[in-house]
Amino acid sequence: TLWGPENGLRENGVISLLADREGTIWFGYNGNGLQQWIGEEWSHRTIWDPARPSRKAQVFGIAGTSDGGFLAAVFALGVWRWDGRKLERLSREEGINEDVWCAIEPEPGVIWVGARRGLFGSRRGQRFEKLFALPSGFVHGLHRSPDGIWYASTSTAGLFRLSHGRWSLAEEINRSLPDPA
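Read on for a plain summary of the structure. Everything numeric here is computed off the predicted structure, so don't read it as measured data.

The strands making up a sheet associate through hydrogen bonds between their backbones, and the pairing can be parallel or antiparallel. On the basis of which strands lie adjacent, the open sheet formed by four strands has the order β5-β6-β7-β8 and antiparallel pairing. The sheet is open, and its two borders are formed by β5 (59–64) and β8 (87–90), each paired with just one other strand. Along the sheet, successive strands turn relative to each other by an average axial angle of 20°, direction set aside. Here β5 pairs with strand β6 (residues 70–74) via five bridges, running antiparallel. Residue pairing across strands places Ala63 opposite Leu71, the latter belonging to β6.

What follows deals with the pairing of strand β14 (residues 166–169). When strand β13 (residues 159–163) meets β14, the two strands line up antiparallel, connected through four bridges. Within β14, the position partnered with Arg161 by the bridge is Ser168. Hairpin connection from β13 to β14: two residues lie between these consecutive antiparallel strands, with His164 at a positive phi of about 55°.

Counted according to the given criterion, the structure contains seven salt bridges. Of the charged contacts in the structure, one is a salt bridge between Arg116 and Asp99, with a shortest N-O distance of 2.9 Å. Within this pair, whereas Arg116 is found in strand β10 (residues 110–123), its partner Asp99 is found in the loop between β8 and β9 (100–107), the two being separated by 17 residues in sequence. Relative accessible area serves as the criterion here: at 27%, Arg116 is assigned to the partly exposed category. Of the charged contacts in the structure, one is a salt bridge between Glu107 and Arg123, with a shortest N-O distance of 3.3 Å. Here Arg123 lies in strand β10 and Glu107 lies in strand β9, a separation of 16 residues in the sequence. A network of salt bridges, in which partner residues are shared, links Asp67, Arg81 and Glu105.

Strand order in the open sheet made by the six strands is β9-β10-β11-β12-β13-β14, with antiparallel pairing throughout. Strands at the two margins of the open sheet, each flanked by one partner only, are β9 and β14. Ignoring which end each strand starts from, the neighbouring axes of this sheet average 40° apart.

Right, let's get into the nonpolar core. Core analysis: the biggest nonpolar cluster contains 14 residues, and Trp112, Leu119, Phe132, Val139, Leu142, Ala152 and Trp167 have the highest contact counts within it. Those elements giving two or more residues to this core turn out to be β9, β10, β11 (129–144) and β12 (150–154). When residues of this core are assigned to their parent elements, the largest contribution, four residues, is made by β11. Among residues more than four places away in sequence, those in contact with Val139 are Trp101, Cys102, Gly114, Ala115, Gly118, Leu119, Phe132, Leu134, Ala152, Ser153 and Thr154.

Definitions and cut-offs
- Sequence positions are assigned chain by chain, starting from 1 and proceeding in written order.
- Where local features are concerned, this predicted model is filtered to residues with pLDDT of at least 70; where side-chain atom pairs are given and counted, the filter is 80 or more; whole-chain, interface and lining totals use all residues.
- Side-chain measures here rest on the full set of heavy atoms in the structure, leaving out hydrogens and waters.
- Between any two strands, at least two bridges found by DSSP are needed for them to pair.
- Under the scheme used here, helices are H or I runs from DSSP no shorter than 4 residues and strands are E runs no shorter than 2 residues, and both carry numbers assigned from the N terminus.
- Note on definitions: angles span 0 to 180 degrees between N-to-C directions of axes, and those axes are lines fitted to C-alpha atoms, for helices only across the stretch in contact.
- Salt bridges, as used here, are contacts in which a Lys or Arg side-chain nitrogen is within 4 Å of a carboxyl oxygen on Asp or Glu.
- Think of it in three bands: residues with accessible area under 20% of the maximum for their type are buried, residues over 50% are exposed, and the middle band is partly exposed, with areas taken using a 1.4 Å probe on protein chains only.
- Among the buried residues, those of types Ala, Val, Leu, Ile, Met, Phe, Trp, Tyr and Cys that are joined through side-chain atoms within 4.5 Å form a nonpolar core.
- Between two residues, a contact is recorded if the distance between any of their heavy atoms is within 4.5 Å.

Interpretation note: all reported values are geometric properties and have no functional meaning in isolation.
Put into structure tokens, the structure is as follows:
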């Protein structure tokens, strides 16, 4: 199925997408926030940052959470957490002091945020802490392998791997990449 402006979709580029378990589809835009399609005749809502409604929001990533909500990584605005009823913003006040690219919930109550120059983590609503640092670039994605190992892809350093509770460069993998960036 192809959706476009004739279906109510904004003409800005869609850069992230999530279908939740209730059948809602969320579209993250490059410069136009979030848009929701609720599965009936095209009906949608747009969600903006409540503190700065005129800000152009780049939603680089949307990932589902264990409670049926989602985390939206909004480039210069932190992470928006939607629990199905309310939108909560996680940003500088909670310890995310860099631009974000992706956010996931690897287990209930834990949030990881890929950002400029590293990865942040929070457990059970505590303040975010830096889990590893990059000299430059972004953490672009967080992925779990079929055998349960977590990896973080970066724009400048290759892959990081979580092993025994610590993140470190996956040197043996990065050596075989033509260009770790």
